[in-house]
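Architecture and fold: a report
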Amino acid sequence: MSDADNNMAGSNELTHLGVSTLFEDAWLLAIDKPAGIIVHDDGSGAPTLTDLVRERLVTAGEAEAAAQLQAVQRLDRETTGIVLFSKDKRVQPALDALAADRAGEHAASGPEVGPVRAAGGRVASAAGMSKCYLAVVRGEFPEGWRTLDGPIGRDRHDARRMRVSSGGKPAETRVRCLATSGVRGSRRSLLRVELVTGRKHQIRVHLAHAGFPILGDALYGTPADRGHRAPALMLHAWEELLVHPVTGEALRLVAPVPERICDLFPDAPTLAEKAVARS
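Not measured: the values here are computed from a predicted model. (Residues numbered from 1 in each chain as written. Predicted model: local features only at pLDDT ≥ 70, side-chain atom pairs only at ≥ 80, totals over all residues. Heavy atoms only, no water.)

**Observations concerning the overall build of the protein**
Secondary structure assignment for the protein yields 6 helices and 14 strands. Relative to all contacts within the protein whose residues are 6 or more apart in sequence, the contacts with residues 24 or more apart total 62%. Looking at the protein as shown, the accessible area adds up to about 13100 Å², and 49% of this sits on carbon and sulfur atoms. (Helix = DSSP H or I, 4+ residues; strand = E, 2+ residues; numbered from the N terminus. Contact = heavy atoms within 4.5 Å. Areas by Shrake-Rupley, 256 points an atom, 1.4 Å probe, with all protein chains shown as cover.)

Written out as structure tokens, the structure reads:
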């Protein structure tokens, strides 16, 4: 197992962009995405994380990698954490196959690889990719593991939103409560969230539908989560396990728990790692 915190090539930080590099080699690049930026071009002309990473590669003299750069996954604008990129188009099909398998969409091509095992014997998936998030939600979430598996489809009344719908695509989210805080009537819970599938807004939709909206979620949350005084979205892509498509090495990528979550749960980094050991 390679812990990418201690096995990184190249620069540790994109200092001129304020974006941290979590892992990099000749084929892959993992970035700790900040809030407030989209990953892919949405047609609005707004800067994207892909643009910023491409600029960094050009500045570093990696023009060919910059030209071939492609994001393997995306995060919503206000979600922070791990975003994986390929730097070589030859590995993109294998990465797409891993991502498609996690989304519940079988890929016809791609490498046959064994399961990824991390600390505590955890296994990613048969295809070799698994992602874990940390979230702070409103309410006191039940103890133990819970599975949220309502199908997810588009909201016919609001093009921006998704919703749990009998006509939607299969979706599965595993959730475990790590800690709770607050007084009666304003309780909050720190959750470890694992995606089994990867639908649009899946975590946000499933938690809101279950009665535990993510703090700061202006789209699926409460009225208190909207407006200029609303808190930041408390959703962070914390950990990813995958099999390297070229070397076959099992990688563990970790994006440090952000300050906005630690402000509410100071022990969040320790609780997250303890949960890894228990799972």
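After presenting the structure, the write-up continues.
**Examining the nonpolar core**
Residues Leu 49, Phe 85, Leu 207 and Ile 214 are the most contacted members of the largest nonpolar core, which totals 49 residues. Ranked by the residues each element gives to this core, the list is headed by strand β7 (residues 129-138), at 6 residues. Counting 16 residues, the second largest nonpolar core, distinct from the first, contains Ala 30, Val 72, Leu 84 and Val 91. (Core = buried A, V, L, I, M, F, W, Y, C linked by side-chain atoms within 4.5 Å. Buried < 20%, exposed > 50% of the residue type's maximum accessible area, 1.4 Å probe, protein only.)

**A short note on the packing of aromatic side chains**
Enumeration over the complete set of coordinates arrives at 1 aromatic pair. When the ring centre of Trp 145 is taken as origin, the NZ or CZ atom of Arg 174, which lies over that ring, is 4.2 Å away. (Phe/Tyr/Trp six-rings, centres within 6.5 Å; stacked < 30°, edge-to-face > 60°. Lys NZ or Arg CZ within 6 Å of the ring centre and 35° of its normal.)

**Some thoughts on the environment of Asp 225**
Mapped onto the fold, Asp 225 is located in the loop between α4 (202-209) and β13 (235-243). Given a relative accessible area of 1%, Asp 225 falls into the buried group. Spatially, the C-alpha atoms of Asp 225 and Leu 215 are 6.7 Å apart, while their sequence positions differ by 10 residues. Among residues more than four places away in sequence, those in contact with Asp 225 are Arg 138, Ile 214, Leu 215, Gly 216, Asp 217, Ala 218, Ala 230 and Pro 231. Here Gly 216 takes part through its backbone nitrogen, which lies 2.7 Å from a polar atom of the side chain of Asp 225. (Polar contact = N/O pair within 3.5 Å; in protein donor to acceptor, adjacent residues only side chain to side chain.)

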